[in-house]
Amino acid sequence: MEFSWGATEGKVVEGLADAIVEVTETGSTIKAHGLKIIHELLETNTQLIANKKAWENPQKKKNTADLTSSERCFKS
């Protein structure tokens, strides 16, 4: 087992890996490489966690809270 720090799908295509574990939201990159997901290992979600001291600062709290409604969070 080896860790990969990017272009993981390409390692399968190039024959550098027999199989990979990949975090994916849509699977579009996997499909674009002609690969197929054979088993879903884990379903996950994303959490926003704030520093307690920053959360006590009204402006920082607003800026952090604004992230949850911002379309920026959902653009790839």
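Look above for the structure.
Residues numbered from 1 in each chain as written. Predicted model: local features only at pLDDT ≥ 70, side-chain atom pairs only at ≥ 80, totals over all residues. Heavy atoms only, no water.

Peer 1: Summarise the overall build of the chain; cite the residues concerned and give the values.
Peer 2: Counting its secondary structure elements, the chain contains four helices and zero strands. Each helix and strand of the chain, placed in order from N terminus to C terminus, yields the pattern α-α-α-α. Relative to the globule expectation of 11 Å for 76 residues, the C-alpha radius of gyration of the chain, 18 Å, shows a markedly less compact shape. Counting only C-alpha atoms and orienting by the principal axes, one finds that the chain spans roughly 50 × 25 × 20 Å. Classification of the 76 residues of the chain by burial places 9% in the buried group. (Helix = DSSP H or I, 4+ residues; strand = E, 2+ residues; numbered from the N terminus. Rg over C-alpha atoms; globule rule 2.2 N^0.38 Å. Buried < 20%, exposed > 50% of the residue type's maximum accessible area, 1.4 Å probe, protein only.)

Peer 1: Account for the pattern of salt bridges, naming residues and giving values.
Peer 2: Inspection of every chain in the model, using the stated rule, returns one salt bridge. Across the pair Lys-62 and Asp-66 runs a salt bridge, and its minimum N-O distance is 2.8 Å. Taken together, the residues Lys-62 and Asp-66, both in helix 4 (residues 58–67) and four residues apart, mark about one turn of the helix. Exposure remark for Lys-62: the relative accessible area of 46% places this residue in the partly exposed category. With relative accessibility at 30%, the residue Asp-66 sits in the partly exposed group. (Salt bridge = Lys/Arg side-chain N within 4 Å of Asp/Glu carboxyl O.)

Peer 1: Tell me about the packing of aromatic side chains, and please be specific about residues and values.
Peer 2: Evaluation of the coordinates by the stated rule reveals one aromatic pair. A ring pair is formed by Phe-3 and Trp-5, whose centres lie 6.1 Å apart and whose planes are at 15°; its orientation type is stacked. Here Phe-3 and Trp-5 have matching classes, each one exposed. (Phe/Tyr/Trp six-rings, centres within 6.5 Å; stacked < 30°, edge-to-face > 60°.)

Peer 1: Give a description of a nonpolar patch on the surface that names residues and reports values.
Peer 2: Among the surface-exposed residues, Val-21, Leu-41 and Leu-42 lie close enough to one another that they form a single nonpolar patch of about 370 Å² accessible area. Along the chain, Leu-42 falls in the loop between helix 2 (28–32) and helix 3 (52–56). A residue is classified by how much of its surface remains accessible, and Leu-42, at 67% relative accessible area, is exposed. (Patch = residues over 30% accessible without salt bridge, like charges linked within 9 Å, V, L, I, M, F, W, Y side chains within 5 Å. Areas by Shrake-Rupley, 256 points an atom, 1.4 Å probe, with all protein chains shown as cover.)

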